[in-house]
Amino acid sequence: GSGIGAGANSNPEINRIFGQLLTWMQEKKKDVFLAITSNNISKLEPTLYRDGRISERFFLGFIKNEEELRSILDVHIKIRLKDKVDEVVKPLDYKLIMKKIDRMVARYRGEEYAGYSGANIEALVEKVLEKRYFDNQKDLETRDFLYMLNFVRPQHGLLIKEMLEKAFEIEALDA
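Note that the coordinates shown come from a computational prediction; the quantities given were computed from them, not determined experimentally.

*Asks:* Break down a positive patch on the surface for me, with residues and values.
*Replies:* Together, Lys95, Lys99, Arg103 and Arg107 make up a region of like positive charge exposed at the surface. Tracing the backbone shows arginine 107 in the loop between α4 (94–106) and β2 (114–115).

In structure tokens, the structure reads:
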């Protein structure tokens, strides 16, 4: 397999390092906060996340509402525009942007799972700012985000279904 785990990799050095990590996670004496991230949790070996090694599991799923959208959009806009946010970004209609997101997801009715993640919203912000630059546009408005959503597809498909099922299986908290 291509997952991460003692038996999953044909590289003996990676297997040795993974084994040492698992042993350390199980036997550590001091309180340690260890964060592990994965783009595809369905490929992780169960030995990595069994009780006693990991205290909490979180799954960052799809954006569910206007407040989550606002938080993620605002962070990525501020990261890229820094102190120019107030002079460049006109008040955004997050409700309207969320409605467009819902319409884009609805196009994937045949898929059991589809949605926009924080990474999709980050890509949206990047595309909006690229278009602004190439069009020599001064301001950013709601319509810019609505237009560029046509070019940022939601995540969908069997892989998403597998990851959501795995998150449920390992009792990950939806964050």
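*Asks:* Break down the pattern of salt bridges for me, with residues and values.
*Replies:* Tallying each qualifying case throughout the model produces eight salt bridges. Here arginine 80 makes a salt bridge to glutamate 126, at a shortest N to O gap of 3.0 Å. Here arginine 80 is found in helix α2 (residues 66–81), whereas its partner glutamate 126 is found in helix α5 (residues 118–134), with 46 residues between them in sequence.

*Asks:* Lay out the environment of glutamate 67 with the relevant residues and their values.
*Replies:* If you trace the backbone, glutamate 67 turns up in helix α2. Relative accessible area serves as the criterion here: at 53%, glutamate 67 is assigned to the exposed category.

*Asks:* So what's going on with the nonpolar core? Which residues, and what values?
*Replies:* Counting 26 residues, the largest nonpolar core has Leu73, Ile77 and Phe145 as the members making the most contacts within it. For this core, the secondary-structure elements that each account for two or more residues are α2, α3 (85–88), α4, α5 and α6 (142–148). With sequence-adjacent residues up to four places away left out, leucine 73 is seen in contact with Tyr94, Ile97, Ile121, Val125 and Phe145. Ranked by size, the runner-up nonpolar core spans six residues in total, among them Phe18, Leu44, Leu48 and Ile54.

*Asks:* Residues and numbers for the packing of α2 against α4, please.
*Replies:* With their axes 9 Å apart at the nearest point, α2 and α4 run at an angle of 105 degrees to one another. When the axes of α2 and α4 are compared, the pair comes out roughly perpendicular. Contacts from Glu66, Leu69, Arg70, Leu73 and Asp74 of α2 reach α4 at Tyr94, Lys95, Ile97, Met98 and Ile101. Looking at the contact of α2 with α4 residue by residue, the class counts come to six nonpolar, no polar and four charged.

Reading guide: rules and limits
Residues numbered from 1 in each chain as written. Predicted model: local features only at pLDDT ≥ 70, side-chain atom pairs only at ≥ 80, totals over all residues. Heavy atoms only, no water. Patch = residues over 30% accessible without salt bridge, like charges linked within 9 Å, V, L, I, M, F, W, Y side chains within 5 Å. Areas by Shrake-Rupley, 256 points an atom, 1.4 Å probe, with all protein chains shown as cover. Salt bridge = Lys/Arg side-chain N within 4 Å of Asp/Glu carboxyl O. Lys, Arg positive; Asp, Glu negative; His and termini not counted. Charge placed at Lys NZ, Arg CZ, Asp CG, Glu CD. Helix = DSSP H or I, 4+ residues; strand = E, 2+ residues; numbered from the N terminus. Buried < 20%, exposed > 50% of the residue type's maximum accessible area, 1.4 Å probe, protein only. Core = buried A, V, L, I, M, F, W, Y, C linked by side-chain atoms within 4.5 Å. Contact = heavy atoms within 4.5 Å. Axes fitted to C-alpha atoms, helices over the stretch in contact; angles between N-to-C directions. Parallel < 35°, antiparallel > 145°, perpendicular 65-115°, else oblique. Nonpolar A, V, L, I, M, F, W, Y, C, P; charged D, E, K, R; others polar.

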